[in-house]
Amino acid sequence: MSISLNTCILILKEHHLLKSSAVQDTVMTKMEYVSYDSRDIKTNTLFFCKGAGFRPTYLSMAKDNGANCYVAEQPYPEGKGMHALIVRDVSKAMALLSAAFFRFPQDDLYVIAITGTKGKTTTSYFLKGMLDQVNGGRTALISSVNNVVGQKPEDTFKSSLTTPESLDLFRDMREAVDNGMTHLVMEVSSQAYKRNRVFGLTYDLGFFLNISPDHIGPNEHPNFADYLHCKLQLLVNARKCIINAQTAHFDEVYAAATTTTDPDSIYLFADEKFTNPSLKQTIDFRFSTEELDMARTKFQVLCVSDKAKQLKIAGEYQLKMLGDFNESNGTAAVIGAGLAGMEHDPAAKGISQVSVPGRMQTEVTKDHGVVVVDYAHNEASMMALMGFMQREFDNPKIIVVVGAPGDKGISRRPGFSKSLNAYADKAFLTTDDPGFEDPMEICQEIDAGIDHSKVDVTIELDRQKAIYDAISMSKNGDVVLICGKGEDGFQKVRGINTPYPSDINVAQQMINELEGQNEHFK
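The rules behind the values
Residues numbered from 1 in each chain as written. Predicted model: local features only at pLDDT ≥ 70, side-chain atom pairs only at ≥ 80, totals over all residues. Heavy atoms only, no water. Core = buried A, V, L, I, M, F, W, Y, C linked by side-chain atoms within 4.5 Å. Buried < 20%, exposed > 50% of the residue type's maximum accessible area, 1.4 Å probe, protein only. Helix = DSSP H or I, 4+ residues; strand = E, 2+ residues; numbered from the N terminus. Contact = heavy atoms within 4.5 Å. Salt bridge = Lys/Arg side-chain N within 4 Å of Asp/Glu carboxyl O. Polar contact = N/O pair within 3.5 Å; in protein donor to acceptor, adjacent residues only side chain to side chain. Axes fitted to C-alpha atoms, helices over the stretch in contact; angles between N-to-C directions. Parallel < 35°, antiparallel > 145°, perpendicular 65-115°, else oblique. Left-handed = near helix turned anticlockwise from the far one by under 90°. Pairing = 2+ DSSP bridges. Phe/Tyr/Trp six-rings, centres within 6.5 Å; stacked < 30°, edge-to-face > 60°. Expected span 1.5 Å × (residues − 1). Right-handed = clockwise from strand over helix to strand, strands pointing away.

Caption draft 1: A look at the nonpolar core. Judged by nonpolar contacts, the single largest core of 137 residues is most densely connected at Met186 and Tyr203. Tallying contributions element by element places helix 3 (residues 90–101) first for this core, with 8 residues. In contact with Tyr203, not counting residues within four places along its chain, are Val111, Ala113, Met186, Val188, Tyr193, Val198, Leu234, Asn237, Ala238 and Arg239. Judged by nonpolar contacts, the second largest core, of 18 residues, contains Val371, Tyr468, Val506 and Ile511.

Caption draft 2: Quick peek at the pattern of salt bridges. Enumeration over the complete set of coordinates arrives at 17 salt bridges. Between Asp168 and Arg171 there is a salt bridge; the shortest N-O distance is 3.2 Å. Here Asp168 pairs with Arg171, and both are found in helix 5 (residues 166–178), just 3 residues apart, close to one helical turn. Residue classification places Arg171 among the partly exposed residues on the basis of a relative accessible area of 25%. Among the ionic contacts, a cluster of salt bridges with common partners joins Arg413, Glu437 and Glu445.

Caption draft 3: Focus on the side chain of Arg463. As for its position among the elements, Arg463 is in helix 15 (residues 463–473). When its relative accessible area of 2% is taken as the criterion, Arg463 is described as buried. Polar contacts involving the side chain of Arg463 include one to the main-chain carbonyl oxygen of Cys483, which spans 2.8 Å. Within the local environment of Arg463, its side chain forms a polar contact with the side chain of Asp503, the two groups lying 2.8 Å apart.

Caption draft 4: Spatial organisation of the packing of helix 1 (residues 5–14) against helix 3. As a packed pair, helix 1 and helix 3 sit with axes 10 Å apart at the nearest point and diverge in direction by 135°. Taken together, the axis directions place helix 1 and helix 3 in an arrangement best described as oblique. Considering how the two elements wind past one another, helix 1 and helix 3 form a crossing that is right-handed. Contact residues: Cys8, Ile11 and Leu12 in helix 1; Ala93, Leu96, Leu97 and Ala100 in helix 3.

Caption draft 5: Inspection of the sheet that holds strand 19 (residues 361–364) at higher detail. Taken in spatial order, the 6 strands line up as 19-20-24-21-22-23 in an open sheet, and their pairing is mixed. For this open sheet the edge positions go to strand 19 and strand 23 (456–459), each flanked by a neighbour on one side alone. The sheet shows a mean angle of 15° between the axes of neighbouring strands, taken without regard to direction. Across 4 bridges, the pairing between strand 21 (residues 398–402) and strand 22 (residues 426–429) is parallel. Each bridged residue has a counterpart across the sheet, and for Val402 the counterpart in strand 22 is Leu429. Here helix 14 (residues 439–448) sits on the sheet in contact with strand 22 and strand 23, set at roughly 170° to strand 23. Sitting on the sheet, helix 15 touches strand 20 (370–374), strand 21, strand 22 and strand 24 (479–483), and the angle it makes with strand 24 is about 165°.

Caption draft 6: Quick peek at the packing of aromatic side chains. Evaluation of the coordinates by the stated rule reveals 8 aromatic pairs. Relative to Phe285, the ring of Tyr267 lies with its centre 6.3 Å away and its plane at 35°, an arrangement referred to as tilted. In this pair, Tyr267 is assigned in strand 15 (residues 266–271) and Phe285 in strand 16 (residues 285–292), connecting sequence segments 18 residues apart. Tyr267 sits in the buried class, given a relative accessible area of 7%. The exposure class of Phe285 is buried, given its relative accessible area of 0%.

Caption draft 7: Seen up close, the sheet that holds strand 7 (residues 83–87). The strand order 2-7-6-5-4 describes an open sheet built from 5 strands, whose pairing is mixed. Here the strands that pair on one side only, and so sit at the sheet edges, are strand 2 (18–22) and strand 4 (33–35). With direction set aside, neighbouring strand axes in the sheet form an average angle of 15°. Inspection of the sheet shows strand 2 paired to strand 7 by 4 bridges, in the antiparallel sense. Bridged to Ser20 within strand 7 is Ile86.

Caption draft 8: Representation of the pairing of strand 21. The buried fraction of strand 21 is high, at 5 of 5 residues. A two-sided burial pattern is seen for strand 21, the buried positions comprising Ile398, Val400 and Val402 on one face and Ile399 and Val401 on the other. Note that strand 21 and strand 24 share 4 bridges and pair parallel. Within strand 24, the residue paired with Val400 across the bridge is Leu481.

Caption draft 9: Quick look at helix 7 (residues 224–236). For helix 7, built from 13 residues, the straight-helix expectation of 18 Å at 1.5 Å per residue is met to within 8% by its first-to-last C-alpha distance of 19 Å. Those residues of helix 7 that fall on the buried side of the exposure criterion are Asp226, Tyr227, Leu228, Cys230, Lys231, Leu232, Gln233, Leu234 and Leu235. In this structure, the buried residues of helix 7 make contact with strand 8 (110–115), helix 4 (120–135), helix 6 (190–194), strand 13 (203–208), strand 14 (238–244) and helix 8 (250–258). At the N-terminal end of helix 7, a side-chain oxygen is found 3.3 Å from the backbone nitrogen of Ala225, two or three residues along, and the residue is Asn223.

Caption draft 10: Structural view of the pairing of strand 14. Most of strand 14 sits inside the fold, with 5 of its 7 residues counted as buried. Bridge analysis of strand 13 against strand 14 gives 5 bridges, and the strand direction is parallel. Each residue of the ladder has a partner; that of Phe207, found in strand 14, is Ile242. Sheet topology places strand 14 next to strand 15; 4 bridges connect them, and they run parallel. Bridge assignment links Ile242 to a residue of strand 15, and that residue is Tyr267. Read as a crossover between parallel neighbours, the route from strand 14 over helix 8 to strand 15 is right-handed.

Caption draft 11: Representation of unusual backbone geometry in the model. At Asp394, a position not held by glycine, the phi torsion is positive, near 55°. Structurally, Asp394 is set in the loop between helix 12 (379–392) and strand 21. Its relative accessible area of 62% is what places Asp394 among the exposed residues. With phi around 50°, Asp433 is a residue other than glycine that occupies positive phi space. Note on Asp433: relative accessible area 13%, which makes it buried.

Here you go:
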């Protein structure tokens, strides 16, 4: 693959991003590689000077290693002798030029994008599971857990960001196309829009699941309005929109969708019991609970409006995951499958086989109650998880192991306190990706908001010991919730991914020690 300097200039001019250029022969010059990492350079590389941590010495390194052109928001003496494209916004420029370099792979994929404060990963996996039924397993995935760009084992790998940097995203999409993948399901975070990782990308389907305060802090969004604004951009850039009518800020969400999408291409769904007299729009799909237990969830999808009835997806569906809150995620995914051309029977078969790594992985023990490992990592997901457990088990003793990450998601911490006050009997506050912060101070910040007359609190920074202690103290009838990290095999400590066995493995080891069993989490 390659891109000519002349093409780069034309694209940047078209989008009013080019401020100036210092070039020699624009026609003949080609770049045969693209990178924003000075350690990843080949001969004739187009190098992007981006990021808060960028230093001019990185450009010197890139030049020495073979880069022949750089893109930056200002000229650098270190780039003397290279072609230079000076732009108004280097992150936008990188998205556009990367898409062109990788030959616009989005044009060869049916692209489905999902956003929401909670439920993105689960909905993405549900959709992939269904689409795989009709396309022979050729659904690519970009998620906060794994990325899948092909059908071979080596084509599935751990993700580092919910939505990758634009250059990495388009590279993955090109690889997916070259591997014969026909569909792409991707999570799109608010940071993806804040950092222009998906700038210029249009989706065939765009989902808005829900919104609640999250990701607000010095390194993320300055306030909730900015967070919501970034989330809404997904709908603005989607050809068809699927919206949870029960979401907070519904009027703003729906208005964002209508800025670029005809109302006939906007689909609303909600629980069958949901009513809102002020809602002017017709709800197209309803879902209702059929059965809940520790092994499965059954629910019905009802097609209400005329345009909904055109999709042959009405009927019963079954999930391998517990939790009534997953019915909403499942319904969203079923609607997406229907809009992608599927009908009920293959969709029901596909979704019934899906398990999501680190989500609601459950073990019913002999003598220590029910142990659940889940990625719940904000107030909304914690409330949904604990509320379900309280209803399902008729007010059990709820023991929670939880921490909060450092350097980001600072706004989540009061939400952890609030959710623990609402449902928990015992809380072990522990370490969860502290970054450059002191994990004890993070725990103390959460503890300060807890009502100790309701919740017994232990601060145990050793996460493995906290999990051991929580399971050890639990008895039949109790519920142990291990929240936050799921199957993450590391702790982010002072800029380093420090190996960690994962919550699932630690919990399983503890259960094996206590009960001498070797079963895996469901």
